[in-house]
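An overview of the molecular structure
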There are 2 protein chains.
Amino acid sequence: MIKEIAQLQIEPDQAIQFEAAVVEAIPHFRDAKGCHGLSLERSVDVPGAYMLVVRWDSVDAHMIDFRGSPAFAAWRELVGVFFTAAPQVDHVEQAIDGF
Amino acid sequence: MIKEIAQLQIEPDQAIQFEAAVVEAIPHFRDAKGCHGLSLERSVDVPGAYMLVVRWDSVDAHMIDFRGSPAFAAWRELVGVFFTAAPQVDHVEQAIDGF
């Protein structure tokens, strides 16, 4: 299991509309093969900055299966209009579960 | 409840020693006022890149109480030697718990 970490930046005054669009997009992730969960984290420090965290079976489940599917196009159709910069995407695996 | 997100970069060949140092530092967080959990995430994409995720009651619990305490000095004493760049710290709150 890995996590996709996507750093997203939008115009701060579009926050309500953006978050509503992410909620609308949830089914596209819930139905995706190898997808195990999604959360959206809002920066407290930087207005309009968000971190999308999506749990996947593997990097390929995200980068090949999902990105090659109509679900990814639907996601981008819903939220792409809000991005003021290209999303920065990384994948991480848990090294230490401290407590 | 908020999460501190710290982007850390070390020399990739120091990963084992760095992760051991983080494990050694866990008690300094576990005993900290207002601290509710810690995990260390290792980048799959970028060798030597890590994301430290620490749950706190508030930004002040991290930035004032913890950073002003001997526990923070002890943490930096253990892990600071590994950093090849200044940690990038952000604080986030959950906007959407998708599934």
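Here is a short report on the structure shown in this document. (Residues numbered from 1 in each chain as written. Chains lettered and ligands numbered in written order. Predicted model: local features only at pLDDT ≥ 70, side-chain atom pairs only at ≥ 80, totals over all residues. Heavy atoms only, no water.)

**Comments concerning the sheet that holds strand β4 (residues 88-97) of chain A**
- The strand order around the closed barrel built from 8 strands is β1(A)-β3(A)-β2(A)-β4(B)-β1(B)-β3(B)-β2(B)-β4(A), with neighbouring strands paired in antiparallel fashion. Averaged over all pairs of adjacent strands, the angle between their axes in this sheet comes to 35°, without regard to strand direction.
- Examined bridge by bridge, strand β2 (residues 35-43) of chain A and strand β4 (residues 88-97) of chain B share 5 bridges and lie antiparallel to one another. Looking at the pairing, Ser43 of chain A lines up with Val92 of chain B of β4 of chain B. (Pairing = 2+ DSSP bridges. Helix = DSSP H or I, 4+ residues; strand = E, 2+ residues; numbered from the N terminus. Axes fitted to C-alpha atoms, helices over the stretch in contact; angles between N-to-C directions.)

**Let's talk about the side chain of Glu41 of chain A**
- You can see Glu41 of chain A is positioned in strand β2.
- Taking the relative accessible area as the measure of exposure, Glu41 of chain A reaches 2% and is therefore buried.
- The residues touching Glu41 of chain A, leaving out its near neighbours within four places in the chain, are Ala49, Tyr50, Met51 and Val53 of chain A together with Lys3, Val92, Glu93, Gln94 and Ala95 of chain B. (Buried < 20%, exposed > 50% of the residue type's maximum accessible area, 1.4 Å probe, protein only. Contact = heavy atoms within 4.5 Å.)

**Quick look at the layout of surface pockets**
- The calculated volume of the largest pocket comes to roughly 300 Å³.
- What lines the largest pocket is a set of 15 residues, among which Lys3, Glu41 and Val53 of chain A together with Lys3 and Val53 of chain B lie closest to the centre.
- For the lining of the largest pocket, the secondary-structure elements that each account for two or more residues are β2 and β3 (49-56) of chain A together with β1 (2-9), β2 (35-43) and β3 (49-56) of chain B.
- When the residues that make up the lining of the largest pocket are grouped by side-chain class, the tally is 5 nonpolar, 4 polar and 6 charged.
- Counting residues per element, the ones that place at least two in the lining of the second largest pocket are β1 (2-9) and β4 of chain A together with β1 and β3 of chain B.
- With 4 residues, β4 of chain A is the single largest residue contributor to the lining of the second largest pocket.
- Tallied by class, the residues present in the lining of the second largest pocket amount to 8 nonpolar, 5 polar and 1 charged. (1 Å grid on protein atoms, 1.4 Å probe; cavity = no way out; pocket = protein on both sides within 12 Å on 5 of 7 lines; lining within 4 Å. Points joined across faces, edges and corners; volume = space filled by probe spheres on them. Nonpolar A, V, L, I, M, F, W, Y, C, P; charged D, E, K, R; others polar.)

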